Amino acid sequence: MPISRRTLLAAGGTSLAATLAAPALVRAQSTSAPIRIGEINSYTAIPAFTVPYRMGWQLAVEQINAAGGVLGRKLEVISHDDAGKPSDAIRLAGALLDESRVDLLAGGFLSNVGLAISDVARQRKRLFVASEPLTDALVWEQGHRYCFRLRPSTYMQVAMLVDDAVKLNAKRWVTVSPNYEYGQSLVKWFKALMTQRQPGVEFVAEQWPALGRIDAGATVAALAQSRPDAIFNGTFGPDLTNFVRQGNTRGLFEKRGVVSVLTGEPEYLEPLGDETPEGWIVTGWPVESVTDATNKAFIEAYRAKFNEMPKMGSVVGHAAITAIAGGIAKTGSVDTEAMADGFKGATFPTPFGPALWRAQDNQGTLGTYVGRTAMKNGKGIMVDWRYVDGAAAMPTDEEVRKLRPG
Amino acid sequence: MDFFLLQLLTGLASASSLFLVAAGLTVIFGVTRVVNFAHGSLFMLGAYIAWSILSRLPRTPEHFALGVLATALATAAIGALLEIALLRRLYRAPELLQLLATFGVVLVVQDAALWFWGPVDLAISRPPWLRGAIEIAGLRFPFYDAVLIAVGPAVLGLLLLLFHRTRWGLLVRAATQDRDMVAALGVNQRVLYTSVFALGAGLAGLGGALALPQGSANLQMDLAVVTDAFVVVVVGGMGSLGGAFLAALLIGVLQAFGIVLLPKITLVLVFLVMAAVLVLRPHGLLGRPQTAARSEAEALAPIRPAGAALQAAGLASLALAMAAPFVVGPYLLTVLTEAAIAVLFAASLHLMMGPGGMASFGHAAWFGIGAYAAAFATKALGGGLATGLLLAPLAAGTMALVIGWFVVRMSGVYLAMLTLAFAQIAWAVSFQWVEVTGGDNGILGLWPQGWAMDPRAMYWLALALCVGGALLLRRILFAPFGFALRATRDSPLRAAAIGLDAPRLRLAAFAIAGAAAGLSGAVFAYAKGSVFPTYMAIPHSVDALVAVLLGGVQTMAGPIVGAVAFTVLQSWLLTSEFWRFKLGLLIVLLVLAFPGGIAGAAAAAWNRFRRYQP
Amino acid sequence: MSTLEVRDLRKSFGAIDAVAGLSFTLAPGEMLAVIGPNGAGKSTCFNMLNGQLRPDAGKILLAGPNGTMQDITGLPPREIWRLGVGRTFQITATFASMTVRENVQTALLSHHRRTWRFWRPANRHAGPEADRLLARVGMQSQADRPAGILAYGDLKRLELAIALANAPRLLLMDEPTAGMAPAERTALMTLTRDIARTEGVAVLFTEHDMDVVFGVADRILVLNRGHLIAEGPPAEIRENPEIRAVYLGAHI
């Protein structure tokens, strides 16, 4: 579903809290019970991302409630740690639905946890808003009426990078990506889209380090051995730090283009510090240099509350709440069936600007920034960046129809 | 050719890092027989402490060396504290109880590190000398990797000097061979054990500190490292420093070349190596058969059939359990369903571990195979609940029979680690065979249709199958087969001398345990509506171990009590802040208070009570 | 007719000949003692007879139920037991997690080929028979005690009861009285002799206590460095000057 220029302008022009508290949406029920969101995430298993994420949604809840809530009701988030295990997430989803009587479910970082909760939602016919899980399956192969997903998927992340990758005009590519579905899916899409866009491109080697246990020296040497023109990277977190350090010392990145997913996100860029390689084409968020009003407002509010710079996780956490609020506001109720219809096409503000829930596959159009890495005062930053709206990185409606059953 | 040399050197550098982690673990095991699950946590603390020290020091080589040494000393002190406060009290406790205690420590350290150092990965800024490279055959090789290649053998040399040239080292070697002899020599065993543990912890800290310049201190490194360390120690032969060094070389170099030839092998390579080595050499490369740890550990507790009081208590609990759906809310019902499943899972492990005398670190394999079998029955064969519940124990039992053939001839930690290797291989298959298993995204939509859709029906089904299954296992243990199995554990010599075929009995026990675990996995798959590789992952195997040890491995009611207690505790704490810290602390306290497990303590208390009765 | 016939049995460990060509026979009801200094080859001999060690050469023949001699050389312990050989160990080997009666019942279960049963409780199997065996060795009063807490002498008697569970034709006893008080030793071995006489069991035993050896043995084999240096009834061995010189010492 295309977004009209007017919606964009309207949403972008007003502050986020004001949008949600728009008089038309406020009903005379400010005294009624809060809208309850049951939230599940891998707070202990993936703290580097999820701790800022929690701070992000806490800020959003506070802001929305300060502005009068949604439908005149306050938002309340009941949040649990899934310990990184899908089976625990399933039990907690049940607890949230049955004991805490939440109106909808949200959260997830790991793809399998997201899919597990989504499956509960399908079975129980309750709404689930997946905030972070990136697997395409969530809205495509395993997509269903009750599951919405906020962030750009692995396909979208890759699609956002492909333009710049093609411009490198490199023939021999190698890939390195963590050995699980996320990493495999990244490489699969990158190969597919590159082959489509640049006839004659070759993939001469691939490395699949185990998540969290990369043998960086051997991996770097094995990649260098293939004498590639360019490298596609899907590793992140501790693996990325090890990979970059070995790569720097061994000169893997010299005179080679590197296209790297998520590396521009502050949580992954920060540990690279003064070893941040320069000129990598990455997705991420240039938190230091964004200048537009919505970003600025978010960063300032966040710093005021927590006294530290927000991370990508903070943005996702914040947007997850505003996206839910936007959907509920449009629906006008928290009835599950009504929300499953009403969320489709609903617009919402995010720190990156306005976005909406695509009607066709329940995917959010929250975008991400694409740019190049650079170093400033011993810290990694993003330069030459641009914001890519999620809507611009989707496959055609025709293709989505083939990928999404029902 | 140049690449070959470079990759060999790279492999040697990883081998050195592996050896540093494994050395401390093997020294600790050799002397104290403690299976120290917290070794990875000490490594992680080493990395974090090193970050705290090194990021405040000038970035010269001298200060780096000083900082690394200070870190090693600090972790050694932490290790000594751990030994004095916790492990010292457990040397006479039943086998593997220290594993449970150190698992508690792992949980505590995870939350403590998160609280103290925060969630962001911490890296030190590398000065040019740490960042530099040397030219080898026209290719760049990191200078620091070259340093590491030297550090491994240097540490090995220093340790060998320490063990062969000092009186303390003599005592350590004597204790590695025969603990009782050292006790008989009138040596202060306490000081010896504490110092050995401190040395091992210091080596772990050294490993963590030296790993820091290559990456970051982060909260995932403890578990990433501890399995590798165990593999190296076991492949080398437990307690053998030279063996650990050889094993580290073997694995480091194989890994360096393995990923060039088969890039996707990263998940299983070390476990394939371990399985191959153990099948060919059941005590590792340079290991010796373990001296019977049991004879000195504890007199085996007598196993008695339930008395009238216990039977009444059991029946009452069962009646309560059956009535639960009328009383408790839907969430508690889910927890109880999981508890029922955990009971069969733990009881099946207990059959192997207690009466069978075969501890397993990979029991989740059978659980997972059962769960996947149920998924295939539903998805591929289009079968219903009954098909899946029938197929699962068959599949898991058959696989266990095949794998058991390799396993039952071994003993002790080697046996446990071989089961872990097979479990990891099974896990990797489920993880990577995406076309069939869906990879880590799992198989969804297994919710049963019809009557079993009702959570209460699901609960009763789980109760009937799982608690019924556990009671059946209990029945088997009191039947002739169970006695024969226990006989082979109590005294292999006597068992053979009365005509018992120990390998066959153990193999049967292994297959029965596998089938029962498989059934519990299938029930879990239907109760959760989905199957994921995490069902066969190490943490799930650890769950079963914790349940059995918490309940009391030497009691028949142990697995039931332990599984219910652990499931309820975990699901109750999981929704609170710092749950890992609380759960870990609780486990440590329970271990200290009830070394015989909860059921063991209850039985002892009951016996005392009865003795005072007229 | 003999119960056991050993022909030219040999076993070496590296350069050391632990047993260098040993031959002897053993008749039903006979008490045969094997003596010799440490390292004489007694334990090696025992371990070959019961299947724990495979001989390098030689034959071990055991009388079957119909009197024909069967070759049992190199069979594993459990098969040798099936053919009617009971055994006790130098360091007692019993099942510590079971009661005294259950220990015997477990042996009886194996003897009756009831091991692979999964339902009926094991401790209901052959209770009276187990009690008879325990009564035979004077352990009936302790039948319900856990084996793990027995006194050492009682463990030895329990082992004897277990060893008798398969109604053996041959009983191998390695240092049966080690660790017992002198009075207990004689009592145990006198008991053993009674059983041997009444049930026609052939008993082969090693023993350090010479009072016991000369008190109960019908015949004695003397080993030294793997060789049989003498064989005969106690009186003859006692008077053999060579044995006095080599091994026994003047005090005998």
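Residues numbered from 1 in each chain as written. Chains lettered and ligands numbered in written order. Predicted model: local features only at pLDDT ≥ 70, side-chain atom pairs only at ≥ 80, totals over all residues. Heavy atoms only, no water.

1. Focus on the pairing of strand S8 (residues 202-206) of chain C
Residue and element names in this part refer to chain C. Quick reminder of the rule: Remark: exposure states derive from per-residue accessible area (1.4 Å probe, protein chains only) relative to the maximum for the residue type, with buried under 20%, exposed over 50%, and partly exposed in between. Secondary structure follows DSSP: runs of H or I at least 4 residues long count as helices, runs of E at least 2 residues long count as strands, and numbering of each begins at the N terminus. Pairing between strands is defined by DSSP: at least two bridges between them are needed. Crossover handedness is defined by viewing with both strands directed away from the observer: a clockwise path from the first strand over the helix to the second marks the crossover as right-handed.
The buried count for S8 comes to five of five residues, which makes it a mostly enclosed element. The alternating pattern of S8 places Ala202, Leu204 and Thr206 on one face and Val203 and Phe205 on the opposite face, and all of these are buried. Relative to S8, strand S3 (residues 31-35) runs parallel, the two being bridged by four bridges. Across the sheet, residue Ala33 finds its bridge partner in S8, namely Phe205. As paired strands, strand S7 (residues 170-173) and S8 are joined by four bridges and run parallel to one another. Across the sheet, residue Leu171 finds its bridge partner in S8, namely Val203. Handedness of the crossover joining S7 and S8 through helix H6 (residues 182-199) is recorded here as right-handed.

2. Re the sheet that holds strand S3 (residues 104-107) of chain A
Residue and element names in this part refer to chain A. Using the following cut-off: Here an angle of 0 to 180 degrees is reported between the N-to-C directions of two axes, which are lines fitted to C-alpha atoms, with helices fitted over the stretch in contact. Contact definition: two residues touch when any of their heavy atoms are within 4.5 Å.
Pairing is parallel in the open sheet, where five strands are placed in the order S2-S1-S3-S4-S5. On the outer flanks of this sheet lie strand S2 (75-81) and strand S5 (147-149), each paired with one strand and no other. Sheet twist, expressed as the average angle between the axes of neighbouring strands with direction ignored, equals 25°. Pairing analysis gives four bridges linking strand S1 (residues 35-41) to S3, with the strands arranged parallel. Bridging from a neighbouring strand, Ile37 pairs with Leu104 of S3. Where helix H4 (residues 86-98) meets the sheet, its contacts fall on S1, S2 and S3, and the angle it forms with S1 comes to roughly 170°. The strands touched by helix H5 (residues 111-124) are S1, S3, strand S4 (128-130) and S5; relative to S4, the strand with the most contacts, the crossing angle is about 165°.

3. Description of the interface of chain B and chain C
How big an interface is tends to be stated in terms of accessible area lost as the parts join. Going by this rule: A quick way to say it: buried area is the sum, across both parts, of accessible area lost when two parts are put together, with a 1.4 Å probe. For this analysis, a salt bridge means a side-chain nitrogen from Lys or Arg found within 4 Å of a carboxyl oxygen belonging to Asp or Glu. When residues are grouped by polarity, Ala, Val, Leu, Ile, Met, Phe, Trp, Tyr, Cys and Pro land in nonpolar, Asp, Glu, Lys and Arg in charged, and all others, Gly among them, in polar.
Each side of the interface is counted separately: chain B has 33 residues, and chain C has 35 residues. Interface of chain B and chain C: buried area, both sides summed, is about 3000 Å²; carbon and sulfur atoms make up 66% of it. Considering only the surface of chain B that becomes buried against chain C, B:Phe483, B:Arg494 and B:Ile498 emerge as the three largest contributors, covering 24% of it. Joining chain B to chain C, the criterion identifies two salt bridges. Measuring nitrogen to oxygen at the nearest pair gives 3.6 Å for the salt bridge that ties C:Arg78 to B:Asp501. Residue assignment for the side of chain B that touches chain C shows that the elements contributing at least two residues are helix H20 (455-478), helix H21 (480-490), helix H22 (492-497) and helix H23 (502-528) of chain B. For the side of chain B that touches chain C, the element with the highest residue contribution is H21(B), accounting for eight residues. Residues of the side of chain B that touches chain C, tallied by class, amount to 23 nonpolar, two polar and eight charged.

4. Observations concerning helix H17 (residues 385-407) of chain B
Residues and elements named next belong to chain B. Rules: Here, expected helix span is obtained from the residue count minus one, scaled by 1.5 Å. Given a residue, its bend is the angle between the two axes fitted to the seven residues that end at it and to the seven that start from it.
Along its 23 residues, H17 runs 32 Å from first to last C-alpha, staying within 8% of the 33 Å computed at 1.5 Å per residue. Residue Leu401 marks the point of greatest curvature in H17, where the axis turns by about 25°. For H17, the full list of buried residues reads Leu385, Gly388, Leu389, Ala392, Ala396, Gly397, Ala400, Ile403, Gly404 and Val407.

5. Quick notes on the interface of chain B and chain A
Definition in use: Side-chain atoms alone can form a polar contact between residues adjacent in sequence; in general such a contact is a pair of N or O atoms within 3.5 Å, and within protein one must be able to donate a hydrogen while the other accepts it.
Residue-level contacts link 71 residues of chain B with 64 residues of chain A. The contact between chain B and chain A buries some 5600 Å² in all, and 54% of this surface belongs to carbon and sulfur atoms. For the interface between chain B and chain A, the tally reads nine salt bridges. Its salt-bridge partner being A:Arg91, residue B:Glu338 comes within 2.7 Å of it at the nearest N-O pair. Taken together, chain B and chain A are joined by 32 residue pairs in polar contact (both at pLDDT 80 or more). Partitioning the side of chain B that touches chain A into residue classes produces 32 nonpolar, 24 polar and 15 charged.

6. Regarding the confidence of the model for chain B
What counts here: pLDDT gives the predictor's per-residue confidence on a scale running from 0 to 100.
Averaged over chain B, the pLDDT score is 91; the fraction of residues at 70 or greater is 96%. Every residue in residues 292-298 of chain B is under pLDDT 50, and counting partners more than four places away or in other chains gives 16 contacts.

7. Let's talk about the pattern of salt bridges
Once the charged atoms of two side chains with opposite charge are near each other, the side chains can pair. Within the structure shown, the criterion is met by 45 salt bridges over all chains. Between A:Asp164 and A:Arg386 there is a salt bridge, with its nearest N and O atoms 3.1 Å apart. Taken together, the residues span a long stretch of sequence, with A:Asp164 in helix H6 (residues 154-167) and A:Arg386 in strand S14 (residues 379-388) at a distance of 222 residues. For B:Arg131, the salt bridge identified is with A:Asp274, shortest N-O distance 3.4 Å. Linking B:Arg131 in helix H5 (residues 128-131) with A:Asp274 in the loop between helix H10 (266-269) and strand S10 (281-284), this pair reaches from one chain into another. Overall, the relative accessible area of 27% leaves B:Arg131 in the partly exposed class. Through salt bridges with shared partners, one network takes in A:Asp88, A:Arg91, B:Glu338 and B:Lys528.

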